[in-house]
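Overview (structure and organization)
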Amino acid sequence: MDRLLILMRHAKAVDRLEAEDDFQRGLTARGRSDSEDAGRLFAEQGLEVDLALVSPAWRTRQTFDLIAPALGAPAIEDPMALYHASDTMIERAVKTAFEQVSRIAVVGHNPGIGALAHALAAKAGAAGQLPGGYPTAAAAAFSLSGEGLDEPRLVALFNPKD
């Protein structure tokens, strides 16, 4: 059975000046709407996961809460290491999680989450399909048939700009 990896950037959050600090920034109305739209896409595509790795920042937790029902209400881990994690750190967390489960979603921050999504899309021959910069609420789902994160195939894409 192929493994599934969904990489989603948190949805649109309030400006830094509107929150106590960066960690506490919550979603805007558009962010909530984009998250709900992404959740609908996941549900339509049958993209359920066993585990979600979610940055503990408020905006990522809110994003996850809005998509969780569509993902089958997976278990959640929210290590502080995912807060503004690099693509390498996210990749390491995903590989570790794949030792336990075969279907994972990650909700995180740019530039790390977007960099990993773009790297996998390039390996899949689908680099041109991902939105540039990986905007807020962007999500890419990959089927992985090889070891590690090798042999990805892009199976779904949510671009809130569409």
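One structure accompanies this document, and this report is about it.

What counts, and where the lines are drawn
- Residues numbered from 1 in each chain as written.
- Predicted model: local features only at pLDDT ≥ 70, side-chain atom pairs only at ≥ 80, totals over all residues.
- Heavy atoms only, no water.
- Helix = DSSP H or I, 4+ residues; strand = E, 2+ residues; numbered from the N terminus.
- Buried < 20%, exposed > 50% of the residue type's maximum accessible area, 1.4 Å probe, protein only.
- Contact = heavy atoms within 4.5 Å.
- Lys, Arg positive; Asp, Glu negative; His and termini not counted.
- Charge placed at Lys NZ, Arg CZ, Asp CG, Glu CD.
- Expected span 1.5 Å × (residues − 1).

**Remarks on the overall build of the chain**
The secondary structure content of the chain amounts to four helices and six strands. Mapped from its N terminus to its C terminus, the chain presents α and β elements in the order β-α-β-α-β-α-β-α-β-β. Over its C-alpha atoms, taken along the principal directions, the chain stretches across nearly 45 × 30 × 25 Å. Counting the 162 residues in the chain, one finds 52% classified as buried. Of the contacts made within the chain by residues no fewer than 6 positions apart, 71% connect residues no fewer than 24 positions apart. Once the 16 positive and 22 negative side-chain charges of the chain are each reduced to a mean point, those two points are 4 Å apart.

**Structural notes on helix 4 (residues 112–123)**
The end-to-end C-alpha separation of helix 4 is 17 Å, in line with the 16 Å expected for 12 residues at 1.5 Å each. Listed as buried for helix 4 are Gly 112, Ile 113, Gly 114, Leu 116, Ala 117, Leu 120 and Ala 121. In this structure, the buried residues of helix 4 make contact with strand 1 (3–9), helix 3 (87–97), strand 4 (103–108), strand 5 (139–144) and strand 6 (152–158). Of the residues trailing helix 4, Gly 125 is marked for its positive phi of about 75 degrees.

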